[in-house]
Amino acid sequence: AHEAKLTPPTPAPAQGGAAEQASLAKWLMPALASSVLITSVEMSARALADRYEASASRLAQAQMAMSGLIALLKLVLRKLRGQAPKTADGESGGSGVRRWCPIPLYAVIFLAIVRNYSQVWMALCIQRGPNPGLPKTVSGGVNTVLATLVGVLCFGSRLSASNVLGIAAATVGTYLCVRP
């Protein structure tokens, strides 16, 4: 049986300098790019749903279905070419589904269902909000606080004073966005 490891390895103490900057860039650049792409897709979906008088939830589900088909097609093409699936870091993951994704199928299905609901709900709140950016801002602010709490409570992450200040600022910013 495969056991999930919930606690990440303890990072080395921060020394500062070039190594710390390289480590920051390794996750910060993809995070910023992801934010830009997600926002672009969500705002474009709002514009398309408005233009064509379409249901935001159906559009979100169609987008996810197409994303799944594209991912499946990529996996099939790799298999036909005899290439091993690649990990998020671009490294070959070996052969066989269990080596490529050792996570139990039921857990992957559960995560997919939750992701589906989150995407549909986000599409609905963006479509229904007076300004499509406000629901996104509120969602991002609440996500910041919840993700940090999960990191601290479940994964043993530690927070610096600047981390706590940033989370407090996100909380205040979220409150100001919904305040009449």
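Just so we're clear, the structure is a prediction, and the values are computed from it rather than from any experiment.

Time to look at the packing of aromatic side chains. Throughout the structure, instances matching the rule amount to one aromatic pair. When the centroid spacing of 5.4 Å and the interplanar angle of 40 degrees are considered together, the rings of tyrosine 117 and tryptophan 121 count as tilted. Residue tyrosine 117 and its partner tryptophan 121 are located together in helix α4 (residues 105-128), separated by four residues, close to a single helical turn. Classification of tryptophan 121 by relative accessible area gives exposed; the value is 56%.

So, about the packing of helix α2 (residues 56-80) against α4. The contact between α2 and α4 brings their axes to 8 Å, and the two run at 140 degrees. As summarised for this structure, α2 and α4 are arranged oblique, according to the angle between their axes. Crossing geometry of α2 relative to α4 is assigned as right-handed. For the pair formed by α2 and α4, the contact residues are Ala56, Ser57, Ala60, Gln61 and Met64 on the first element and Arg115, Asn116, Gln119, Val120, Ala123, Leu124 and Gln127 on the second.

This paragraph deals with the environment of glutamine 61. Its place among the elements puts glutamine 61 in helix α2. Residue classification places glutamine 61 among the partly exposed residues on the basis of a relative accessible area of 40%. Distance in space between the C-alpha atoms of glutamine 61 and alanine 123 is 9.7 Å, their sequence separation being 62 residues. Excluding residues that lie within four positions of it along the chain, glutamine 61 makes contacts with Asn116 and Val120.

About the criteria used
- Residues numbered from 1 in each chain as written.
- Predicted model: local features only at pLDDT ≥ 70, side-chain atom pairs only at ≥ 80, totals over all residues.
- Heavy atoms only, no water.
- Phe/Tyr/Trp six-rings, centres within 6.5 Å; stacked < 30°, edge-to-face > 60°.
- Helix = DSSP H or I, 4+ residues; strand = E, 2+ residues; numbered from the N terminus.
- Buried < 20%, exposed > 50% of the residue type's maximum accessible area, 1.4 Å probe, protein only.
- Axes fitted to C-alpha atoms, helices over the stretch in contact; angles between N-to-C directions.
- Parallel < 35°, antiparallel > 145°, perpendicular 65-115°, else oblique.
- Left-handed = near helix turned anticlockwise from the far one by under 90°.
- Contact = heavy atoms within 4.5 Å.

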